[in-house]
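Architecture at a glance
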Amino acid sequence: MEDILFLFEQYPIWEGFWANLKLAFFSAIFAFTLGVILALFRISPVRSMSWLSGAFINLVRNIPLTVLVVMGVLIFWGQLQINMHPDFDTNFFMLATIALSIYHAPFFAEAIRSGVNTVPLGQAEAARSIGLGFFAAARLIIIPQALRGAITPIGNTLIALIKNTTVAAAASVMEASGIMRTMIEFNPNLMVAIFLIIAIGFSLIVIPVGLLTTWLSERLAVTR
Amino acid sequence: MKTPWMKITALGAAGLLVLSACSPGATEDTAEDDAAGGGGGGGSVTVGIKYDQPGLGFREGNNPPTGFDVDVAKAVLAEMGYQEDQIEWVESPTPQRENMLENGQVDMIFATYSITDERDERVDFAGPYFMAGQDILVRTDENDIKGPEDLNGRNLCSVTGSTPAQNVRDMYADEVELVEQDGYSECLTFLQSGQVDAVTTDDIILAGLAASDEYAGEFKVVGSPFTEEPYGVGLPEGDVETCEQVNEAIQKLQDDGTIDELLAANTEGVDYEANAELNDNIELVTCGE
């Protein structure tokens, strides 16, 4: 217990977890938006759009996140010398957010598509029969039902995203896992306490998300 | 009746037996040999080194490792009566060094291992065999950066969670833009492309990086170390006997100038000199404290 208090005094652990939360928040918004767009493309009746979205999803989904982040830093910033912000901390935060958003968008898209599959075909046919076009039908009939059916996979993707924010350490963002490395470097004598802090910290963030997901998926399920 | 299932289960069980027979047995053998070997003669010794630090501890595939740490390890072990073919090299990355010594995966560690009180609680140290200090690496045409105080407003690169990165944060964080990477090789690509103006860590690590063939002549070490990093030999807690033997060997290698020679050989072609003030008359630790 003393050890844990000492570590909290000595190292910016709160700031670290706060950075993870900020990364997760912004990435989740961008990735989800991009995911909805990708899903719309994927289910669209226009073959080329559907193909384009499928190609993007399968390409990005199969690149490891670390590779995306490292490519962003080493090539985009290091070699092409593109600075998004003069302040390093902000610049790398943006870079990490972009990488996380691009990486998770296909997972959100696939989660939403799985939700679309739960909407009976009759709904789409009924929408068309009352004269709605593709976008109107998607916006008013299909997507609202699909999202409600896809709460669980969306929640899972969100949980994965939260944990994946630790990869941002590779993009020079000072977050919990980077601070863990600093703590191990300076205080290897407190290894167990360090591990407990990080493990419990992430559990405290992730478990409520899981509970919320379960609660929402039951509450919002479309009764058929 | 259930023959297919029984066959599969039997196969699986047999497979498990074979697997469990393989790995742990092999490692235990060497560990026991080493303990018995003690002062050399029979048996082998497992030494933890870095594999990714050119000039200090570097190894590609199964080639023999190279670098200052490796050469010092060989010399020390030769003094202790080990032949070179009795040494087994193992990679020991920074965050795993204490664990590897505690679990008996290695007998000793020569891997830019600075002696600190916190580490001393879990492992024992012999040495130090070298006094490093945090320094700055810049491009050869850079003349404005002569020490840490000239870094104000400049861009700097170091390794995530490392002591040098923390030092800079503590001492210069307000004025310096710091990018942290997984390894120093990434930092060097940034220094080469101009995205950062300086890379900082222990002087000897910088010298080793600058001496590698890829970057020959491109970088120089500024040469004003601003911390003291005593590189020790990591040993399992309580191994006083080995500690004394290692210290004796290091003392001898320092007195006859072997360590200086090894250092010169490994930093050839770089404008670098070890901090003479600190490196003359290094005081060795007392074993068993």
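Residues numbered from 1 in each chain as written. Chains lettered and ligands numbered in written order. Predicted model: local features only at pLDDT ≥ 70, side-chain atom pairs only at ≥ 80, totals over all residues. Heavy atoms only, no water.

- Looking at an unreviewed UniProt entry, one finds chain B named Amino acid ABC transporter substrate-binding protein (PAAT family) and attributed to Enteractinococcus coprophilus.
- As stated in UniProt under Sequence similarities (unreviewed entry), the record for chain B gives "Belongs to the bacterial solute-binding protein 3 family." (UniProt positions renumbered as here; feature names shortened; annotations may be inferred.)

- The name given to chain A in an unreviewed UniProt entry is Glutamate transport system permease protein, and the organism recorded there is Enteractinococcus coprophilus.
- Regarding chain A, the relevant UniProt record gives this comment under Subcellular location (unreviewed entry): "Cell membrane".
- If you open the UniProt record of chain A and go to Sequence similarities (unreviewed entry), you find "Belongs to the binding-protein-dependent transport system permease family. HisMQ subfamily."

A closer look at the interface of chain B and chain A
- Counting residues at the interface gives 27 residues for chain B and 27 residues for chain A.
- Of the roughly 2,400 Å² buried between chain B and chain A, counting both surfaces, carbon and sulfur atoms make up 52%.
- At the junction of chain B with chain A, the criterion picks out two salt bridges.
- Ionic pairing is found between Arg-181 of chain A and Asp-182 of chain B, a salt bridge with its closest N-O pair at 2.9 Å.
- Seen at the junction of chain B and chain A, the total is eleven residue pairs in polar contact (both at pLDDT 80 or more).
- When residues of the side of chain B that touches chain A are traced back to their parent elements, those giving at least two are α3 (97-102), α4 (117-120), α5 (163-172), β9 (177-181) and α6 (184-193) of chain B. (Contact = heavy atoms within 4.5 Å. Buried area = accessible area lost by both parts, 1.4 Å probe. Salt bridge = Lys/Arg side-chain N within 4 Å of Asp/Glu carboxyl O. Polar contact = N/O pair within 3.5 Å; in protein donor to acceptor, adjacent residues only side chain to side chain. Helix = DSSP H or I, 4+ residues; strand = E, 2+ residues; numbered from the N terminus.)

A short note on the pattern of salt bridges
All names here are of chain B.
- In this structure the tally under the stated criterion is 13 salt bridges over all chains.
- In this structure, Asp-197 and Arg-139 form a salt bridge, with 3.6 Å as the shortest nitrogen-oxygen distance. Within this pair, whereas Asp-197 is found in the loop between α6 and β10 (198-202), its partner Arg-139 is found in strand β7 (residues 134-139), the two being separated by 58 residues in sequence. Take Asp-197 and Arg-139: they sit in the same class, and that class is buried.
- A single network of salt bridges, built from pairs that share partners, joins Arg-139, Glu-142, Asp-144, Arg-154 and Asp-197. (Buried < 20%, exposed > 50% of the residue type's maximum accessible area, 1.4 Å probe, protein only.)

Thoughts on helix α8 (residues 240-255) of chain B
Residue and element names in this part refer to chain B.
- The end-to-end C-alpha distance of α8 is 22 Å, a good match for the 22 Å that 16 residues give at a rise of 1.5 Å each.
- The secondary structure elements touched by the buried residues of α8 are α2 (68-79), β5 (108-109), β6 (123-132), β12 (229-236) and α9 (258-266).
- One or two positions beyond α8, positive phi appears at Gly-257, with a value near 80°. (Expected span 1.5 Å × (residues − 1).)

Considering the UniProt feature "transmembrane region" (unreviewed entry) in chain A
- Within the UniProt annotation, "transmembrane region" (unreviewed entry) is assigned to residues 20-41, 62-80, 92-109 and 190-216 of chain A.
- Between the end C-alpha atoms of residues 62-80 of chain A there is a gap of 24 Å, over a span that is 79% helix and 0% strand.

A look at the pairing of β10 of chain B
All names here are of chain B.
- Counted residue by residue, β10 has five buried out of five residues, so it is predominantly covered.
- With four bridges connecting them, β7 and β10 associate as antiparallel partners. Across the sheet, residue Ile-136 finds its bridge partner in β10, namely Thr-200.
- Relative to β10, strand β8 (residues 155-159) runs parallel, the two sharing two bridges. Note on β10: the bridge partner recorded for Leu-156 is Ala-198. (Pairing = 2+ DSSP bridges.)

Quick word on the environment of Ser-158 of chain B
Residues and elements named next belong to chain B.
- Along the chain, Ser-158 falls in strand β8.
- Distance in space between the C-alpha atoms of Ser-158 and Val-199 is 6.0 Å, their sequence separation being 41 residues.
- Beyond its immediate chain neighbours, meaning those up to four positions away, Ser-158 contacts Pro-164, Ala-165, Leu-178, Val-179, Glu-180, Gln-181, Tyr-184, Cys-187 and Thr-200.

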